[in-house]
Every structure is written in C-alpha cells, then in structure tokens.
Amino acid sequence: MSASGGTKAIVAALGANLAIAASKFVAFVFSGSSSMLAEAVHSLADSGNQILLLLGGRKSKRAATPQHPFGYGRERFIYAFLVSIVLFSIGGMFALYEGYEKVKHPHDLDSWYWPVGVLIFAIIAEGFSFRTAIKEASELRGTFSWAQFIRRAKAPELPVVLLEDFGALIGLLLALGGVGLALLTGSGVWDGVGTLCIGVLLISIALVLAVETKSLLLGEAAGAEEVGRIERALVDGDTVTRIIHMRTLHLGPEELLVAAKIAVRHDDTAAEVAAAINAAEERIRSSVPIARVIYLEPDIYSAEEAAAGPDPAATPGGPGPANDHSDH
C-alpha cells in the first residue's frame, strides 16, 4: 500500500476547519448554544491537528545524522500520535465538560437561526473536505475496505484526516439534533445532551487513532504484498538459493528496512557472494522502491538447523540475559 501523505486532503481539511471554527464561534456568541461552543472547539482542535500533520511531514524530510542514522521518517508517526492526544484532551474532554455544565444548568437558546445556519454551512464544508480525503484515499486503498485501509496504512495522515472528517460530520449531525430538540421541547438540556454525545464521539475517534499510531511508533513490518515481492526478488535460484529468515521494519511511511539471512552455494568464492548480494539488493530496490536500507547476511543452508526451528534467544523480543527468568 502506498505511503502517500495526502497533503491535498490535509490542506483542504485545514481550510474548511478554520472557516467552520470561525462561523461556529460567531453562532455561539449569538445563541449561547453549548453544542456550538463544543463544535467550535472541535473545529479549532482539528485545525491544529492538520497543522501538526503538515509540520510532521516537513520535519520527516530532514537528512539522516550520525545520531539518527536512519533519518527522521518516524516524525510523521509522532505527530499523528500528538493529534490523537489533542483530539482527546481539547476536543473530547472539553465537550464532555461543557455538556455536563449545560445539562446541569440549562438555558434557552437565543437567535436559533444562527446555530442552525452555521451547522448547515459546516456540514457542506466538511462534506467537501471529506470528499477530498476519500478521493485521495481511494487511489491508495486498492481492494481493502475502509476499516482495513485505516488499520493497514503506513502513512498516518490520510487515516487521520478521514477519521477527523467523518467524526466532524457525525458531530455536526449530533449538534444539529441537540439544537433541534432544544428548540422543539423548549429545554436547553437537549443541547447539553448533544454536546455530551459529541464528546464521547471525539474521545472514541481519538482512542482509535492512538492505538493505530502507537502500532506505527513501535515499528510495523512491511505489508504481506511487499514481503512477497521482496522474497521473490531475493531468490534467483542461482546465486541465492533460498531465504533462511528475514525481517522487515518501516523506518518511516516511505522507508523500509530489510534484513535477511540468505543461503548461497558452499563453493562460491567471496567475490561471487559479494556480487550475489549486490545483485539481490538491486532486485529488491527495483521491486520495492521504498526498501532503502538493506542488510543481507550470506550463510550455508542447513536442513537440520531449519528443522530444529529458530533460536528464540536470537529473535528480537526473545529471551536473553536481561529478561530470561527461567530456572537454572
């Protein structure tokens, strides 16, 4: 799956959210609707989130340094994780607090046409932003469902924008429902209920984003399709006869590390092995261009060792001197 950052979708979402936030604050001032205030803060938080995504994309392009030899590609994961924190704390928690206060101390809405008009405008603007994000994501997700795309995408920006825009549209409908019920019943409690629902929605989306970006921060392997292409490129049947074992790791959305132990013929000279490794690296980069860091270790394949299975102590995360608590 491509790791495109979806800059067009981010910019479209930023422009829409800034305009919507301003209109919601105006509507809140004239109507006193807590739903409008929660939605205004929500849009303001979303605007900050889009700025964070753009900043992360820019910082991730810095060149590698001796202290960070694999570059700064994971900056995009870090800033996406910050987005989930902002959405949870500023958007979700504020909406819950404001909704609780409004339910506890309800008051009638003033100038009801302001919140209704602004909400309709916001739904149209958010719909435009959501449509842009869907269009960009549709070019990348292939045969995956939307849920699979959000879970499997290595670039965090498009999943973040998709979830934010989806949450914004649902939140607007909840706010419109809260305002509508408050007008129909004459009770401001419903405005507070709508605000509480918005808070629960934002926190739920923030938790989903946090889980997905945490997985990226910890380090994810290449997708099954990419792993298959790498395996087919590695083995040529002549100089490289098989893969003994292999590990892949995303150093960033568009940079992949490949480490493998490969089997070569026992009578190959050192020059022939070196040439085989160089040729294998070229084949991998040609098949999977984001495989930019490749380490290949030549070895002689042993059927007996393969039958015994991998050594747990030699596996990342396996038992070692520091964490082996078995009895001796």
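Residues numbered from 1 in each chain as written. Predicted model: local features only at pLDDT ≥ 70, side-chain atom pairs only at ≥ 80, totals over all residues. Heavy atoms only, no water.

Enquirer: Which residues make up the overall build of the protein chain, and what values do they have?
Expert: Across its full length, the protein chain carries 10 helices and 3 strands. The linear arrangement of helices and strands in the protein chain, starting from the amino end, is α-α-α-α-α-α-α-α-β-β-α-β-α. For the protein chain, whose C-alpha radius of gyration is 26 Å, the value lies well above the compact-globule estimate of 20 Å for 328 residues. Buried residues in the protein chain amount to 45% of all 328 residues. Intrachain contacts of the protein chain at a sequence separation of at least 6 include 75% that bridge at least 24 residues. (Helix = DSSP H or I, 4+ residues; strand = E, 2+ residues; numbered from the N terminus. Rg over C-alpha atoms; globule rule 2.2 N^0.38 Å. Buried < 20%, exposed > 50% of the residue type's maximum accessible area, 1.4 Å probe, protein only. Contact = heavy atoms within 4.5 Å.)

Enquirer: Quick rundown of the sheet that holds strand β1 (residues 240–252)? Include the residues and the values.
Expert: The 3 strands are arranged β1-β2-β3 in an open sheet whose pairing can be described as mixed. The sheet terminates laterally at β1 and β3 (291–299), the two strands that pair on one side only. Pairwise comparison of adjacent strand axes, ignoring direction, gives a mean angle of 15 degrees for this sheet. Here strand β2 (residues 255–264) runs beside β3; their pairing, made up of 8 bridges, is parallel. Looking at the pairing, L257 lines up with V293 of β3. Where helix α8 (residues 224–234) meets the sheet, its contacts fall on β1, β2 and β3, and the angle it forms with β1 comes to roughly 140 degrees. Its contacts with the sheet place helix α9 (residues 270–287) against β1, β2 and β3, and it is angled at close to 150 degrees to β3. (Pairing = 2+ DSSP bridges. Axes fitted to C-alpha atoms, helices over the stretch in contact; angles between N-to-C directions.)

Enquirer: Describe the pattern of salt bridges, and please don't skip the residues or the numbers.
Expert: Per the stated rule, a full pass over the model turns up 11 salt bridges. In this structure, E157 and R76 form a salt bridge, with 2.8 Å as the shortest nitrogen-oxygen distance. With a gap of 81 residues between them, E157 in helix α6 (residues 157–185) and R76 in helix α3 (residues 75–104) connect regions that are remote in the sequence. Relative accessible area serves as the criterion here: at 3%, E157 is assigned to the buried category. The closest approach of N and O atoms between R229 and E225, which form a salt bridge, is 3.2 Å. Separated by 4 residues within a single helix, R229 and E225 lie in helix α8, roughly one turn from each other. In this structure R229 comes out as partly exposed when scored by relative accessible area, which is 24%. Salt bridges sharing common partners tie together R76, E157 and E254. (Salt bridge = Lys/Arg side-chain N within 4 Å of Asp/Glu carboxyl O.)

Enquirer: I'd like to hear about the side chain of D165, residue by residue, with values.
Expert: Within the secondary structure, D165 is located in helix α6. Although D165 lies buried, it forms no salt bridge, and the closest oppositely charged side chain, K24, sits 10 Å away as judged by the N-O distance. From its side chain, D165 meets the backbone nitrogen of F130 in a polar contact 3.5 Å long. Discounting residues that sit within four places of it in the chain, D165 has contacts with A13, E126, S129, F130 and A133. (Lys, Arg positive; Asp, Glu negative; His and termini not counted. Polar contact = N/O pair within 3.5 Å; in protein donor to acceptor, adjacent residues only side chain to side chain.)

Enquirer: Pulling in residues and values, what's your account of the pairing of β1?
Expert: In the sheet, β1 pairs with β2 via 10 bridges, with the strands oriented antiparallel. Bridge pairing in β2 places H245 opposite K261. The turn linking β1 back onto β2 is made up of 2 residues.

Enquirer: Explain the side chain of T213 to me, using residue names and the numbers behind them.
Expert: Checked against the element boundaries, T213 lands in helix α7 (residues 189–218). Each residue touching T213, except ones within four places of it in the same chain, is listed here: F77, A80 and F81.

Enquirer: Residues and numbers for the pairing of β2, please.
Expert: Counting buried positions along β2 yields 9 of 10 residues, so the element is predominantly enclosed. Handedness of the β-α-β unit built from β2, α9 and β3 comes out right-handed. (Right-handed = clockwise from strand over helix to strand, strands pointing away.)

Enquirer: Residues and numbers for the packing of α3 against α7, please.
Expert: At a closest axis distance of 7 Å, the pairing of α3 and α7 adopts a crossing angle of 160 degrees. With respect to α7, the axis of α3 lies roughly antiparallel. Crossing of α3 against α7: the hand is left-handed. Here the residues of the contact of α3 with α7 are counted per class, giving 26 nonpolar, 8 polar and 4 charged. (Parallel < 35°, antiparallel > 145°, perpendicular 65-115°, else oblique. Left-handed = near helix turned anticlockwise from the far one by under 90°. Nonpolar A, V, L, I, M, F, W, Y, C, P; charged D, E, K, R; others polar.)

Enquirer: I'd love a proper account of the packing of aromatic side chains, names of residues and values included.
Expert: If you walk through the whole model with that rule in mind, you get 3 aromatic pairs. Between F130 and F166, the aromatic rings sit 6.4 Å apart at their centres with planes inclined by 45 degrees, giving tilted as the arrangement. Of the two residues, F130 sits in helix α4 (residues 113–141) while F166 sits in helix α6, which places them 36 residues apart along the sequence. Relative to F149, the ring of W146 has its centre 6.2 Å away and its plane inclined at 85 degrees; by these criteria the two rings are edge-to-face. One end of the pair is W146 and the other is F149, both in helix α5 (residues 146–152) and 3 residues apart, which spans about a single turn. Sitting over the ring of W146, R141 keeps its end group 4.1 Å from the ring centre. (Phe/Tyr/Trp six-rings, centres within 6.5 Å; stacked < 30°, edge-to-face > 60°. Lys NZ or Arg CZ within 6 Å of the ring centre and 35° of its normal.)

Fair warning: the whole summary comes from geometry, so function is off the table for now.
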